[in-house]
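# Secondary and tertiary structure notes
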Amino acid sequence: MSLVYIGLGANLDQPQQQLEQALIELAQLPNSKLITQSSLYHSKPVGPQDQPDYVNAVALLETELSPLKLLDALQQLEQDHGRIRKRHWGERTLDLDIILIDDLVINSERLTVPHPFAQQRSFVIYPLFEISPTLSFPNGKSLEQLLTELDNDLIRIPD
């Protein structure tokens, strides 16, 4: 079993509901169990600013799926939510990113773990810290250390 942190984001077609539904669907993945999830947060978009703000969260999943099988399952969930890739870092109905898998480092054509931009994004680090405050990345950087390097520009959505 692997512990996998998954970043969730959406800014189209009722993004809060998109994430809530995606969390239900993550819990139903084969050979997997949703352990916990962060609160939902509003964040400004990365990339083009002529798009709506995002709703983001992080989920912790325990799974027997291989990294690529998990990636395939996450991409299928994105498709089921009507994801269309119009432009790089553009708007989307659902974005599911593998942030970390145990302490693995993967650099393949289809998958890079840890996620290459995770340590620079408050909408990943703050929700990660909420659910796993003692977590560190494989390079040794702790979430506590990363929090000191990032602005907290997130707005927590009340439960």
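Notes on the structure in this doc start here. (Residues numbered from 1 in each chain as written. Predicted model: local features only at pLDDT ≥ 70, side-chain atom pairs only at ≥ 80, totals over all residues. Heavy atoms only, no water.)

## Brief notes about the side chain of Thr 93
We apply this condition: Each helix is a run of DSSP H or I of at least 4 residues and each strand a run of E of at least 2, with the numbering of both proceeding from the N terminus. In protein, a polar contact requires one atom able to donate a hydrogen and another able to accept it; more generally it is a pair of N or O atoms within 3.5 Å, and residues adjacent in sequence count only if both atoms are side-chain atoms. Throughout, a residue-residue contact means that at least one pair of heavy atoms, one from each residue, lies within 4.5 Å.
Along the polypeptide, Thr 93 turns up in the loop between α2 (67-80) and β5 (95-101). Only 3.4 Å separates the side chain of Thr 93 from the backbone nitrogen of Arg 83, close enough to count as a polar contact. Not counting residues up to four positions away in its chain, the partners in contact with Thr 93 are Gly 9, Ala 10, Leu 12, Asp 13, Gln 18, His 81, Gly 82 and Arg 83.

## A look at the packing of aromatic side chains
Each aromatic ring pair is summarised here by two numbers: the centre-to-centre distance and the angle between the ring planes. The criterion, for reference: In this analysis, rings of Phe, Tyr and Trp, with Trp reduced to its six-membered ring, are considered paired at centre separations within 6.5 Å, and the interplanar angle assigns stacked below 30 degrees, edge-to-face beyond 60, and tilted for intermediate values.
This structure, assessed with the given rule, holds one aromatic pair. Between Trp 89 and Phe 117, the aromatic rings sit 5.7 Å apart at their centres with planes inclined by 80 degrees, giving edge-to-face as the arrangement. A residue pair is termed long-range when its members are at least 10 positions apart, and Trp 89 in the loop between α2 and β5 and Phe 117 in the loop between β7 (112-113) and α3 (122-131) qualify at 28 residues.

## A word on helix α1 (residues 15-27)
Note the cut-off: Helix span, as expected, comes to 1.5 Å for every residue beyond the first. For every residue, the accessible area (1.4 Å probe, protein chains only) is compared with the maximum for its type, and the residue is labelled buried under 20%, exposed over 50%, or partly exposed between those bounds. Relevant arc is that of directions from the helix axis to the C-beta atoms, nothing else.
End to end, α1 covers 19 Å across 13 residues, agreeing with the expected 18 Å (1.5 Å per residue, within 8%). Those residues of α1 lying buried are Pro 15, Gln 18, Leu 19, Ala 22, Leu 23, Glu 25 and Leu 26. Down the axis of α1, the buried side of the element spans an arc of 165 degrees, and every buried residue falls inside it. Turning to α1, the residues buried within the fold contact β1 (2-10), β2 (32-37), β3 (40-43), β4 (54-63) and α2.

## Re the pairing of β1
We count it as follows: At least two bridges found by DSSP between two strands is the condition for calling them paired.
Among the nine residues in β1, eight count as buried, and that is most of the element. Pairing between β1 and β5: six bridges, direction antiparallel. In the sheet register, Leu 8 faces β5, and the bridge partner there is Leu 96.

## A look at the side chain of Arg 92
The residue Arg 92 is located in the loop between α2 and β5 in this model. Using a relative accessible area of 10% as the deciding quantity, one classes Arg 92 as buried. Of the polar contacts made by the side chain of Arg 92, one reaches the side chain of Asp 95; its length is 3.0 Å.

## Description of α2
Its 14 residues place the ends of α2 20 Å apart at the C-alpha level, agreeing with the 20 Å of an ideal helix rising 1.5 Å per residue. The set of residues buried in α2 consists of Leu 70, Leu 71, Ala 73, Leu 74, Leu 77 and Glu 78. Buried residues of α2, seen end-on, are gathered within an arc of 165 degrees and therefore sit on one face of the element. Projecting away from the buried face of α2 at angles above 90 degrees are the exposed residues Lys 69 and Asp 80. Summarising the contacts, the buried residues of α2 are in contact with β1, α1, β4 and β5. The positive-phi residue at the C-terminal boundary of α2 is Gly 82, with phi of around 80 degrees.

Treat this as a map of the structure, not an account of what it does.
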